[in-house]
Amino acid sequence: MFGSKISDTTTLILFVIVVALIPLLAAPLGAGYPALMQFFAIFGILAIGFNILFGLTGYLSFGHAAFLGVGSYSAVWMFKLLSMNVIPALILSILIAGVFALIIGFVSLRRSGIYFSILTLAFAQMSYKLAYSVLTPITNGETGLQLALDDPRILDSARTSGQLPTPNLFGLDMNATRVVDVLGLEVQLNFGYFFSAAFLVLAFWIAMRIFRSPFGLMLKAVKTNQNRLNYTGVNTRPYTLAAFVISGMYAGLAGGLLACMDPLAGAERMVWTASGEIVLMTILGGAGTLLGPIIGATVIKFAEAKLSKFNEGVVHGWFDFLPDGLADVLTWVVAKFVGDGWHLTLGLVFMLVVTFLPGGLVEGARRIGGYLGRRGQKEDLEQLGSNVQGGKTTAAE
Amino acid sequence: MGILEVQNVNKRFGGLQALDDVNLNVEENTVHAIIGPNGAGKSTLLNCFVGRLTPDTGTVMFDGQSLIGRKPHEINQMGVSRVFQTPEIFTDLTILENVMIPSFAKRDGAFKLSPFAAVKAESAIRDHAEDMLGQVGMLEKRHMVASAMSRGDKRRLEMAMCLAQSPKLLLLDEPTAGMARADTNATIDLLKQIADSRPITFVVIEHDMHVVFSLADRISVLAQGHVIVEDHPSNIKGNPKVREAYLGDAHE
């Protein structure tokens, strides 16, 4: 999975198997509930898309959350106006995010490096502020865009009483969950997760094709030496713009899926820290690698869900066996890194990874793999050596 | 009529007249060297051929078409390739990929959206790239990452990248700068072999007279932004104007 020895087909098959088994694998870790598993898949898609831009071309966008937000708003509007079926909602999410990416990319890509990052950041913050102020009729401002009973829903027809409708795929509800008992383990099979996971696999497959295509090769060349590429007869602007739009459409799809799982959209989805989180996911996992961003997204979403739940009482419980004074001190320190302070932990881990593993967690796994491989060889050699020695002693005797 | 015709080109940077009414006529399938002391405007002139700089006045015609106002990638697509003073290659990619990129650019043009094609399946492009690497003697190294190479190898790789596009005109900016004598001679041999094996025109900017006199069919001497002499190599050495430009005031 981390070396070049395994073929793409094998990687894809392994990927599908792991994704399908997530409900089972996550359950023992206490992460097997639908909302978190959906996040794994959806933010995985987001990170894959971001990696097509950042990992291949080296253009660091600091405004990708804008496309995520645009995707969510588009999807909710489709739920309100047309139908609770998720297909038209997702199509609109991808299209609108693509149009936004085309406009923002067209302007931002006139610059490179830090200026490009600042331009995308400015556009994203602008979208965020607009969603809060001028665009309130479209975004419903601070409250966020929500469903209402009397929405027109041309295809489904408005309801006059009863509960709010839920997003579905031709009648299959996204929040439908079946609980299965596997060897005493409570495994939750959620339709929304599997629906998102199907898109994750599709997104992964498309990214893989792009990585292996002449188009992807040109994008890698942009990252390495844009100057040489220009003098090699390649117009780099449309290449970077295409990567930007594809990556924006991925973010739109992720935003649309978020709205499918929970049909409301708020401006906070577009705030700059959300953009920063996408960057963190990609770099933490390993920018420019196929699997890295997905791993990064999963790790961050898992850590967020777990660490932010701990509070001082829980932490004190861990140190109960220690003398009172020491336990208090340790609790005081550790408590700063969990709960609301989990970002501190994330920051520390991020700093460590960037300093010691510039290639991200994927590079870490590769190094461990390499180390084990070498050690295996060394042991073989040592064994061989001792056999030879053994032979010698026998001969001497 | 030459393949590259430069007429009355002027370029001014602030108070500095970098190019002063430059005229140049490069015949097809020859090696034309541009020499001159430091700051004579050689690189500025070259940059006017490739779209990096636009002359203030004057015309640059390549193969009957004007190059003025065209972007670097457009000029390359017309058949002009360029070798840089410090080799410009794709250091993160393999040597083979480095040569496949110009081949793709030649076949597909300045932009082609092909996200679902596979590089692996492009056997014609790969064979062509391997052929080019064979010609510069780097075929065995093709799976190496380009950053790991010596400077001489990077130069040869850059040559292979240019040749992969079968350019009509190849511009070389000090192709042997910073090279040891052995590498310089190897580069000269390579350039000679390339020039003899196909219809191609070279414009070489060079400091090293050994290189210039081994290769050039014609030499233009540039001093203070002006072409002071254009002649056959055998007539250049003894020319008093050239001596003056290189050695300072000859009267002292």
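All values derive from a computational prediction rather than experimental measurement.

### Comments concerning the overall build of chain A
At step 1: Helix and strand counts for chain A stand at 15 helices and six strands.
At step 2: For chain A, the C-alpha atoms occupy an extent of roughly 100 × 65 × 45 Å along the three principal directions.
At step 3: Relative to its 397 residues, chain A shows a buried fraction of 47%.
At step 4: For chain A, the share of sequence-separated contacts (at least 6 apart) that also reach a separation of at least 24 residues comes to 73%.
At step 5: Seen as two clouds, the 25 positive and the 22 negative side-chain charges of chain A have centres 15 Å apart.

### Quick word on the pattern of salt bridges
Should the charged atoms of two oppositely charged side chains come close, the side chains can pair.
At step 1: Counted under the stated rule, the structure contains 18 salt bridges over all chains.
At step 2: Ionic pairing is found between K301 of chain A and E304 of chain A, a salt bridge with its closest N-O pair at 3.0 Å. Within this pair, K301 of chain A and its partner E304 of chain A are both found in helix 11 (residues 292-307), separated by three residues, close to a single helical turn.
At step 3: The exposure class assigned to K301 of chain A is buried, which follows from its relative accessible area of 4%.
At step 4: With relative accessibility at 23%, the residue E304 of chain A sits in the partly exposed group.
At step 5: We note a salt bridge from D153 of chain B to K141 of chain B, for which the minimum N-O separation is 2.6 Å. Linking D153 of chain B in helix 5 (residues 151-163) with K141 of chain B in the loop between helix 4 (123-135) and helix 5, this pair joins segments that are 12 residues apart in sequence.
At step 6: On the basis of relative accessible area, D153 of chain B is assigned to the buried category, the value being 9%.
At step 7: Several salt bridges converge on common partners, so that one network encompasses K80, D151 and R153 of chain A.

### Focus: empty space enclosed by the protein
At step 1: Going through the model one piece at a time under the given rule, you end up with three cavities of 30 Å³ or more.
At step 2: If you add up the space inside the second largest cavity, you get close to 40 Å³.
At step 3: Along the walls of the second largest cavity sit Y231 of chain A together with V50, P72, I75, N76, V80, S81 and R82 of chain B, which together make up its complete lining.
At step 4: When contributions to the lining of the second largest cavity are tallied by element, the ones reaching two or more residues are helix 2 (72-77) and strand 6 (80-83) of chain B.

### So, the domain arrangement of chain B
How big an interface is tends to be expressed through the accessible area that disappears when the partners come together.
All names here are of chain B.
At step 1: Partitioning chain B into structural domains gives domain 1 (1-79 + 167-182 + 199-252) and domain 2 (85-163).
At step 2: The C-alpha centroid of domain 2 is placed 28 Å from the C-alpha centroid of domain 1.
At step 3: Taken together, the contact between domain 1 and domain 2 spans 12 residues of the former and 10 residues of the latter.
At step 4: Taking both partners together, domain 1 and domain 2 bury about 900 Å²; carbon and sulfur atoms supply 60% of that area.
At step 5: Inspection of the domain 1/domain 2 interface yields zero salt bridges.
At step 6: Inspection of the domain 1/domain 2 interface yields three residue pairs in polar contact (both at pLDDT 80 or more).
At step 7: When residues of the side of domain 1 that touches domain 2 are assigned to their parent elements, the largest contribution, three residues, is made by strand 7 (residues 169-173).
At step 8: Grouping the constituent residues of the side of domain 1 that touches domain 2 by class yields seven nonpolar, three polar and two charged.

### A short note on the sheet that holds strand 4 (residues 57-62) of chain B
Residue and element names in this part refer to chain B.
At step 1: Across the sheet, which stays open at both edges, the four strands sit in the order 2-1-4-5 with antiparallel pairing between neighbours. Strand pairing shows two members of the sheet lacking a second neighbour, strand 2 (16-26) and strand 5 (65-66), which therefore form its edges.
At step 2: Direction of pairing for strand 1 (residues 4-13) relative to strand 4: antiparallel, over a ladder of five bridges. What sits directly across from Q7, in strand 4, is T59.

### With respect to unusual backbone geometry
At step 1: One non-glycine residue, F170 of chain A, adopts positive backbone phi at about 45°.
At step 2: By secondary structure assignment, the location of F170 of chain A is in the loop between strand 2 (168-169) and strand 3 (172-173).
At step 3: Look at D21 of chain B: it is not a glycine, yet its phi comes out positive at around 55°.
At step 4: Note that D21 of chain B resides in strand 2.

### Details of the sheet that holds strand 9 (residues 218-223) of chain B
Residue and element names in this part refer to chain B.
At step 1: Strand order in the open sheet formed by six strands is 6-7-8-3-9-10, with mixed pairing between adjacent strands. Strands at the two margins of the open sheet, each flanked by one partner only, are strand 6 and strand 10 (226-231). Going across the sheet, the axis of each strand differs from the next one's by a mean of 20°, ignoring polarity.
At step 2: Two elements, strand 7 and strand 8 (residues 201-205), share five bridges in a ladder whose sense is parallel. Opposite L171, over in strand 8, you have V203 as the bridge partner.
At step 3: Contacts from helix 1 (residues 42-50) reach strand 3 (31-35), strand 6, strand 7, strand 8 and strand 9, with the element oriented near 150° to strand 7.

### Details of a nonpolar patch on the surface
At step 1: Taken together, I6, I13, L14, I17, V18, L21, L24 and L25 of chain A make up a surface patch of nonpolar side chains, about 610 Å² in accessible area.
At step 2: We classify I6 of chain A as partly exposed; its relative accessible area is 31%.

### Describing a positive patch on the surface
At step 1: A surface patch of like charges, here positive, comprises R110, R111 and R237 of chain A together with K71 of chain B.
At step 2: The residue R111 of chain A is located in the loop between helix 4 (86-108) and helix 5 (113-132) in this model.

### Things to note about the interface of chain A and chain B
At step 1: In this complex, chain A contributes 26 residues to the contact, which on the side of chain B involves 36 residues.
At step 2: Between chain A and chain B, roughly 2700 Å² of surface is buried when both sides are summed, and carbon and sulfur atoms account for 65% of that area.
At step 3: Counting across the interface, chain A meets chain B through one salt bridge.
At step 4: Between R228 of chain A and E158 of chain B there is a salt bridge; the shortest N-O distance is 2.7 Å.
At step 5: At the level of secondary structure, the elements contributing two or more residues to the side of chain A that touches chain B comprise helix 7 (191-212), helix 8 (214-230) and helix 9 (236-261) of chain A.
At step 6: For the side of chain A that touches chain B, the per-class residue count stands at 14 nonpolar, eight polar and four charged.

### Comments concerning the UniProt feature "transmembrane region" (unreviewed entry) in chain A
Residue and element names in this part refer to chain A.
At step 1: Feature annotation in UniProt assigns "transmembrane region" (unreviewed entry) to the following positions: residues 12-29, 35-54, 85-107, 191-211, 238-258, 278-303 and 341-362.
At step 2: Counted over residues 191-211, helix gives 100% and strand 0%. Its end C-alpha atoms are 30 Å apart.
At step 3: Each end of residues 341-362 is marked by a C-alpha atom, and these two atoms are 26 Å apart; helix forms 82% of the span and strand 0%.

### Points about the state of the cysteines
At step 1: Taken as a whole, this structure holds zero disulfides over all chains when the rule is applied.
At step 2: Lacking any disulfide linkage, C48 of chain B is separated from the closest cysteine sulfur, that of C162 of chain B, by 19 Å.

The rules behind these values
- Residues numbered from 1 in each chain as written.
- Chains lettered and ligands numbered in written order.
- Predicted model: local features only at pLDDT ≥ 70, side-chain atom pairs only at ≥ 80, totals over all residues.
- Heavy atoms only, no water.
- Helix = DSSP H or I, 4+ residues; strand = E, 2+ residues; numbered from the N terminus.
- Buried < 20%, exposed > 50% of the residue type's maximum accessible area, 1.4 Å probe, protein only.
- Contact = heavy atoms within 4.5 Å.
- Lys, Arg positive; Asp, Glu negative; His and termini not counted.
- Charge placed at Lys NZ, Arg CZ, Asp CG, Glu CD.
- Salt bridge = Lys/Arg side-chain N within 4 Å of Asp/Glu carboxyl O.
- 1 Å grid on protein atoms, 1.4 Å probe; cavity = no way out; pocket = protein on both sides within 12 Å on 5 of 7 lines; lining within 4 Å.
- Points joined across faces, edges and corners; volume = space filled by probe spheres on them.
- Domains from an automatic or database assignment.
- Buried area = accessible area lost by both parts, 1.4 Å probe.
- Polar contact = N/O pair within 3.5 Å; in protein donor to acceptor, adjacent residues only side chain to side chain.
- Nonpolar A, V, L, I, M, F, W, Y, C, P; charged D, E, K, R; others polar.
- Pairing = 2+ DSSP bridges.
- Axes fitted to C-alpha atoms, helices over the stretch in contact; angles between N-to-C directions.
- Patch = residues over 30% accessible without salt bridge, like charges linked within 9 Å, V, L, I, M, F, W, Y side chains within 5 Å.
- Areas by Shrake-Rupley, 256 points an atom, 1.4 Å probe, with all protein chains shown as cover.
- UniProt positions renumbered as here; feature names shortened; annotations may be inferred.
- Disulfide = S-S within 2.5 Å.

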